[in-house]
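# A look at the structure
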Amino acid sequence: MNTLEIGKALGTLLHDIDLHPFRAPEGTPYPFAAYALSGIAVATSKDRYNYREIATVDITTAADNYEDAVDLTQRIRAVLEPFEGDCQGIEIGGVRLAACRAASPSPGVYLHQLTYQIVIL
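A regular strand places its side chains on the two faces of the sheet in alternate fashion. Here strand β4 (residues 85-87) runs beside strand β5 (residues 90-106); their pairing, made up of three bridges, is antiparallel. The residue of β5 that forms the bridge with Asp 86 is Glu 91. Hairpin geometry of β4 and β5 is characterised by an intervening segment of two residues between the two adjacent antiparallel strands and by a positive phi of about 55° at Gln 88. Bridging between β5 and strand β6 (residues 109-120) involves 11 bridges; their strand directions are antiparallel. Bridging from a neighbouring strand, Leu 97 pairs with Tyr 116 of β6. Linking β5 back to β6 in an antiparallel pair, the connection comprises two residues, with Gly 108 at a positive phi of about 80°.

Further remarks concern the nonpolar core. Counting residues in hydrophobic clusters, the biggest one holds 24 residues, and the most contacted among them are Ile 6, Ile 59, Ile 76, Leu 80 and Ile 92. When contributions to this core are tallied by element, the ones reaching two or more residues are α1 (6-13), β2 (32-44), β3 (49-63), α2 (66-80), β5 and β6. Other than its neighbours up to four places away in sequence, Ile 92 contacts Ile 6, Ala 9, Phe 83, Glu 84, Gly 85, Ile 118, Val 119 and Ile 120.

Take the side chain of Thr 73 next. Secondary-structure assignment places Thr 73 in helix α2. For Thr 73, a relative accessible area of 6% puts it in the buried group.

With that out of the way, let us pick up the side chain of His 20. By the element assignment, His 20 lies in strand β1 (residues 19-21). With sequence-adjacent residues up to four places away left out, His 20 is seen in contact with Pro 25, Thr 28, Phe 32, Ala 33, Ala 34 and Tyr 35.

With that out of the way, let us pick up the environment of Ala 99. By the secondary structure assignment, Ala 99 is in strand β5. Overall, the relative accessible area of 25% leaves Ala 99 in the partly exposed class. Considering only alpha carbons, one finds Ala 99 and Gln 113, 14 residues apart in sequence, at a separation of 8.0 Å. Excluding its chain neighbours within four sequence positions, the residues that come into contact with Ala 99 are Gln 113, Leu 114 and Thr 115.

Turning to the environment of Glu 81, a few remarks are in order. Within the secondary structure layout, Glu 81 lies in the loop between α2 and β4. As a C-alpha pair, Glu 81 and Gly 39 span 42 residues in sequence and 18 Å in three-dimensional space. What Glu 81 contacts, discounting residues up to four positions off in sequence, is Val 95, Leu 97 and Tyr 116. Polar side-chain contacts of Glu 81 include one of 2.6 Å to the side chain of Arg 77. Among the polar contacts listed, one links the side chain of Glu 81 to the side chain of Tyr 116, at a separation of 2.9 Å.

Calculation rules
For every chain, the first residue of its written sequence is number 1, and the numbers climb from 1 along that sequence. With pLDDT at 70 or above as the cut-off, local features in this predicted model cover only qualifying residues; side-chain atom pairs require 80 or more to be listed or tallied, and sums for whole chains, interfaces and linings still use all residues. Just so you know, side-chain values use all the structure's heavy atoms and leave hydrogens and water out. Strands are treated as partners if at least two bridges between them are detected by DSSP. Under the DSSP-based scheme used, a helix requires at least four consecutive residues in state H or I and a strand at least two consecutive residues in state E, with every element numbered from the N terminus. Put simply, a nonpolar core is a bunch of buried Ala, Val, Leu, Ile, Met, Phe, Trp, Tyr and Cys residues held in one set by side-chain atoms that sit within 4.5 Å of each other. Note on classification: 1.4 Å probe, protein chains only; a residue is buried when its accessible area is under 20% of the maximum for its type, exposed when over 50%, partly exposed between these limits. Contacts between residues were defined by any pair of non-hydrogen atoms, one from each residue, lying within 4.5 Å. Pairing of N or O atoms within 3.5 Å defines a polar contact, subject to two protein rules: one partner must be a possible hydrogen donor and the other a possible acceptor, and residues neighboring in sequence count only if both atoms are side-chain atoms.

Written out as structure tokens, the structure reads:
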């Protein structure tokens, strides 16, 4: 299991999106996205260990207008949510959107924060 390297898989799957680990450098032009691994849980059943982990990943999209923010968020969802398989040596058993929040912290800045649970086999 390479759960700590989930960023490699995200970068490959979202190759056509300006994606950054943790946060984008100051001055990065909109739209862009940033991701962070926010948790790892061992997937077990009451009877046995399943040799799986669940990575919780937060992806924040940023744009300077609402339409671009929604478009970028929908593009990410269209790629990640149906994905199962091997990516950069990480075997992904499924991707589930756990939460989505929208915000506009200042005029001309539109954010969506997607929280995913990714099953790593």
